[in-house]
Amino acid sequence: MLSIVEHDYGTPERTSEKLVTLTIDDREVTVPEGTSVMRAAALSDVKIPKLCATETLEAFGSCRMCLVQIDGMKGLPASCTTPVAQGMVVHTQNKQLADVRRGVMELYISDHPLDCLTCPANGHCELQDMAGVVGLRDVRYGYQGENHLDSKKDESNPYFTFDPSKCIVCSRCVRACEEQQGTFALTIQGRGFESKVAASQDESFMDSECVSCGACVQACPTATLSEKSLIEKGQAEHSVTTTCAYCGVGCSFRAEMQGEEVVRMVPNLDGHANHGHSCVKGRFAIGYATHSDRILKPMIRKQISDPWREVSWEEAIAYAASEMKRIQAKYGRNSIGGITSSRCTNEETYLVQKLVRAGFGNNNVDTCARVCHSPTGYGLKNTLGESAGTQNFDSVMHADVVFVIGANPTDGHPVFASQMKRRLRQGAKLIVADPRTIDLVRTPHIEAQHHLKLRPGTNVALINSLAHVIVTEGLVKEDFVRARCEVDSFEKWRKFVSLEKNSPESMEEITGVPASEVRAAARLYATAGNGAIYYGLGVTEHSQGSTMVMGIANLAMATGNIGREGVGVNPLRGQNNVQGSCDMGSFPHEFPGYRHVSDDKVRAQFEGAWGVSLQNEPGLRIPNMFEAALDGDFKGLYIEGEDIAQSDPNTQHVTAALTSMECIIVQDLFLNESAKFAHVFLPGSSFLEKDGTFTNAERRISRVRQVMRPKAGYADWEITQLLSNALGYPMTYKHPSEIMDEIAGLTPTFTGVSYARIDELESIQWPCNEQHPEGTPTMHIGQFVRGKGKFLLTEYVPTAEKVNAKYPLILTTGRILSQYNVGAQTRRTENNRWHDEDRLEIHPHDAEERGIADGDWVGIASRAGDTVLRARVTERVQPGVVYTTFHFPESGANVITTENSDWATNCPEYKVTAVQATRVSQPSEWQKRFREFTETQESLLKGAAADAVAAK
């Protein structure tokens, strides 16, 4: 039977240069100092009974099952809480110990339901196992006295059940919530016989502070906390290790299976990114993969007003290819292009960009990173020499000060946030720069030393004022700068940031942050030891996104916080493979590995491998595609796994561009917003239905393994290959491993990457090559990738998006824990129980001025458009700022965002939109049109299904 944890040595591993030798049951054992007796025994293959102990949690010593005898020590100490000592002699088995353990187990069983055969944990219940281990055969106390057997179940959570009648009060769930997740939502309430696990103030799990990460379920040794899917389906018969398809953390999971049906997703204890932890999305929200909304048959139509027609794969591919050929023949080679997906694998993304460059014959390929982290690539490439973060996630455990800028890790990257919070509880200091009071500012046992609550759009002003303090107060790490950086560039930067206009006092009027706070934060970051910066879309999605990334790199270089553990510049990537999509050459100006298409030597390498001539001029970016479409020059688009009609700014402009095209091919799971404008729909495959790799935010390449056959017949890479062949450019791959081999042969940072190597190491952080055969956890050790680090001037230029009397508020946008990106996946799960609509956060002062109460419908108007959302009155936002998420298409959050963008990369300025908010009573005109259009498109889709049934 499958176990929840592949191996469990009872207590966490300890590291120490000092080794201790002891004797356990006549076996000599040598372990690091600080190791528990229990772990030392387990390492020597001596198994001591346990219930409250697990290696993922600190020892607690409450169950009294792991008692041992130690020569020279009084009583029977708990092996989990007793550290080893030199020369210690331990006995784990004798009659006295057996009698005590059996007596303790007898007490547990006397207050426990005897329904083992029908219990969902039957076969992997630790209580059941330990009862067998200690030889319990009878319970002398009977079952007639006071007990907890009639305790009421808590079924409130959609994903798991809490059955207190089965609880042994081992505290593992409470400790998991504290130590692993850091939410502190659970406690032991009462004393003695009245002791029980309680959520928050003895509330239901659904109404409590629980975030449904599943750590408590993972830790429970009985069936007290059980997945509802396990109760419904029964236990798995095999498992497959794969990688989560949600955020950029890249958690490793074991998909526990019955045939081709997923019973449950169990976080992998050996996962290098998550170490056995998970969040509500990765652990539970996989129902979308088998949702009835999935389209499983190819469809085509001439016009978007026509009904869809289900066709064979052969007809769909032939039609798509013929339309692309027709358009190019009529409008020219550059009239079509493609958009890759950050949700698909590296191999699939690589094939799409290869199809565009070699099959379409142009460089008109782009990716969703255009609208999120393209400034990261530009800014880090120009300063440090590589377009990616510098550290692995574990590096945060060595940080002395953590500086979070424009990111909300507890919502966007929750598993990494839990690790970060663990370090903060250990004593690391925290600085947060964010317009909102995110959870991390004050959460259980954590409070930021400084919350720089700046006005949206003033990031560069803030980073310059921080740099001003570091330079003018002599806090620069001069020896690092002289040895590792271009001195001329540093001196120019030093002179620039030293100007009075960049001082905190001068910038206070612009940023809204008190100068004293800026000065204190700068001193803390520069002097506290290891300083680590983590940033998100609150940095990049601005008109000066690239400038701000450069400013962050400047700050890290000036303080010497680059090139070792515990420091670095760390972009928190939003989607599961947004790093990989960039690595694979999804930008119109770069081949895989971030090498420019104009480089003759690089281009010749790809021409030789691909067997065609390639263009030396960059192609169209996504915004350029839209403009060219409206100008009548761009007529065909292949979109794999992306929903630009919902995710890109100024929705009405985007949909106008899509409407003007003659052939849009959408390859996806559902009829998303972009697919409603499509002429060809190719049903894609979920991450459970394919093999490949994802690359997470720390450059970690992890395997995605197929656990079920593609429900529509093909994996996404196979569909792209079919289309390429139909277009006349041959692709003959038999397995994604062959695609990775080609990538490795053409990409210097991937030279040492192969499926065999990933399987051997479990994951690899690029660069992986001859110099780094096992990958590179920390970048820029000794020297920067570009040689010397380069300081760049970061002049603050105010955004063109100004508030005025008509639009007096600033709208900024973000995400929430339970939903993901445009919501196509999570909206089709029970996660809607937590968040079923996008709401507008508004400060009480602004709400009162406008007569808006919590829950009222509010019209939000900008220069681009208007929509209506329900209000949430909260002090999370500052006066003058409103905030919303963008997970639900009917909300129209991007109807009101504008086309303002980053000066270098065209990354949209989602974080700054001037708006007005007014109390209203009905949807906006756009929302009315949207509903009408959606109903029409859904009826055209139903018509296709009905025709298919009639044809049978």
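Keep in mind it's a predicted model, so treat the numbers as computed, not measured. (Residues numbered from 1 in each chain as written. Predicted model: local features only at pLDDT ≥ 70, side-chain atom pairs only at ≥ 80, totals over all residues. Heavy atoms only, no water.)

1. Re the packing of helix H8 (residues 313-331) against helix H25 (residues 716-727)
What counts, and what does not: Orientation is described by axes fitted as lines to C-alpha atoms, over the contacting stretch for helices, and by angles from 0 to 180 degrees between their N-to-C directions. Counting from the N terminus, the helices are the DSSP runs of H or I reaching at least four residues and the strands are the DSSP runs of E reaching at least two. In these notes the angle categories are as follows: under 35 degrees is roughly parallel, over 145 is roughly antiparallel, 65 to 115 is roughly perpendicular, and the rest is oblique. Crossings are classed by handedness, with left-handed meaning an anticlockwise turn of the near helix from the far one by less than a right angle and right-handed meaning a clockwise turn. The contact criterion used is simple: two residues touch if any of their non-hydrogen atoms lie within 4.5 Å.
At their nearest, the axes of H8 and H25 sit 9 Å apart, and the two run at 55° to each other. When the interaxial angle is binned, H8 and H25 end up oblique. The two elements H8 and H25 cross, and the hand of that crossing is right-handed. Judged by residue contacts, Trp313, Ile317, Ala320, Ala321, Met324 and Lys325 of H8 engage Ile719, Leu722, Leu723, Ala726 and Leu727 from H25.

2. Description of the environment of Lys196
By secondary structure assignment, the location of Lys196 is in strand S7 (residues 196-199). Sequence separation of Lys196 and Ile168 is 28 residues, and the distance between their C-alpha atoms is 8.7 Å. Among all residues touching Lys196, those that are not within four sequence positions of it are Thr187, Ile188, Gln189 and Asp202.

3. Things to note about the sheet that holds strand S20 (residues 450-452)
Going by this rule: Between any two strands, pairing holds if DSSP finds at least two bridges.
Spatial strand order, S20-S17-S16-S21-S22: five strands in an open sheet with parallel pairing. Two strands bound the open sheet, and with one partner strand each, they are S20 and strand S22 (569-571). This sheet shows a mean twist of 15° between the axes of neighbouring strands, independent of strand direction. Of the pairings in the sheet, the one linking strand S21 (residues 531-535) to S22 comprises three bridges and is parallel in character. Within the sheet, the bridge partner assigned to Ile533 lies in S22 and is Val569.

4. Quick word on empty space enclosed by the protein
Put simply, the rule reads: A 1.4 Å probe that fits into a set of points on a 1 Å grid over the protein atoms alone but cannot get out defines a cavity; an open set with protein on both sides within 12 Å along at least five of seven lines defines a pocket, and lining residues are those with an atom within 4 Å of a point. Grid points are joined across faces, edges and corners, and a volume is the space filled by probe spheres set on the points. Think of it as three bins: nonpolar holds Ala, Val, Leu, Ile, Met, Phe, Trp, Tyr, Cys and Pro, charged holds Asp, Glu, Lys and Arg, and polar takes everything else, Gly as well.
Counted under the stated rule, the structure contains twelve cavities of 30 Å³ or more. If you go around the largest cavity, you meet 41 residues; those closest to its centre are Leu537, Gly538, Thr813, Gly814 and Lys911. Secondary-structure elements contributing two or more residues to the lining of the largest cavity are helix H11 (409-412), helix H18 (537-540) and strand S31 (809-814). Top contributing element to the lining of the largest cavity by residue count: S31, with three residues. Here the residues of the lining of the largest cavity are counted per class, giving 15 nonpolar, 17 polar and nine charged. Quantified by volume, the second largest cavity comes out at close to 150 Å³.

5. Details of the pattern of salt bridges
Our working rule: Salt bridges are defined as contacts in which a side-chain nitrogen from Lys or Arg sits within 4 Å of a carboxyl oxygen from Asp or Glu. Note on exposure labels: buried denotes an accessible area under 20% of the residue type's maximum, exposed denotes more than 50%, and partly exposed covers the range between, all computed with a 1.4 Å probe on protein chains only.
On inspection of all chains with the given rule, the structure shows 55 salt bridges. Between Lys228 and Glu155 there is a salt bridge; the shortest N-O distance is 3.9 Å. In this pair, Lys228 sits in helix H6 (residues 228-233) while Glu155 sits in the loop between helix H3 (126-133) and strand S5 (160-162), placing the two residues 73 residues apart along the sequence. Lys228 gets classed as partly exposed once you look at its relative accessible area, which sits at 25%. Overlapping salt bridges, with partners in common, bring together Glu227, Arg254, Glu256, Arg264 and Arg283 in one network.

6. Remarks on the confidence of the model for the protein chain
Put simply, the rule is: As a per-residue measure, pLDDT tells how confident the predictor is, with possible values from 0 to 100.
This prediction gives the protein chain a mean pLDDT of 95; 99% of its residues lie at or above 70. For residues 1-5, every residue scores under 50 in pLDDT, and the model assigns this stretch 16 contacts once sequence neighbours within four places are set aside.

7. Some details on the pairing of strand S25 (residues 636-640)
Buried residues dominate S25, accounting for five of its five residues. With four bridges joining them, strand S14 (residues 336-340) and S25 adopt parallel strand pairing. Note on S25: the bridge partner recorded for Gly338 is Tyr638.

8. Quick notes on a negative patch on the surface
Rules: Patches in this entry comprise residues that are over 30% relatively accessible and not in a salt bridge; like charges within 9 Å are linked, as are nonpolar side chains (Val, Leu, Ile, Met, Phe, Trp, Tyr) within 5 Å. Here the accessible surface of atoms and residues is derived via Shrake-Rupley with a 1.4 Å probe, and residues count as covered only by protein chains that are part of the display. For this count, His and the chain ends are skipped, Lys and Arg are scored as positive, and Asp and Glu as negative. Charge coordinates come from a single atom per side chain, which is NZ of Lys, CZ of Arg, CG of Asp or CD of Glu.
On the surface, Glu627, Asp631, Asp633 and Glu899 cluster together into a patch of negative charge. Relative to the elements of secondary structure, Glu899 occurs in the loop between helix H29 (893-896) and strand S36 (913-919). Residue class for Glu899 comes out partly exposed when judged on its relative accessible area of 43%.

9. Considerations on the sheet that holds strand S29 (residues 700-704)
Strand order in the open sheet formed by three strands is S28-S29-S30, and the pairing between neighbours is antiparallel. Looking at which strands have only one partner, the edges of the open sheet turn out to be strand S28 (692-695) and strand S30 (764-765). Across two bridges, S29 lies against S30 in antiparallel orientation. Bridge pairing in S30 places Ile701 opposite Ile764. On top of the sheet, helix H9 (residues 346-360) reaches S28 and S29; it is set at about 95° to S28, its chief contact.

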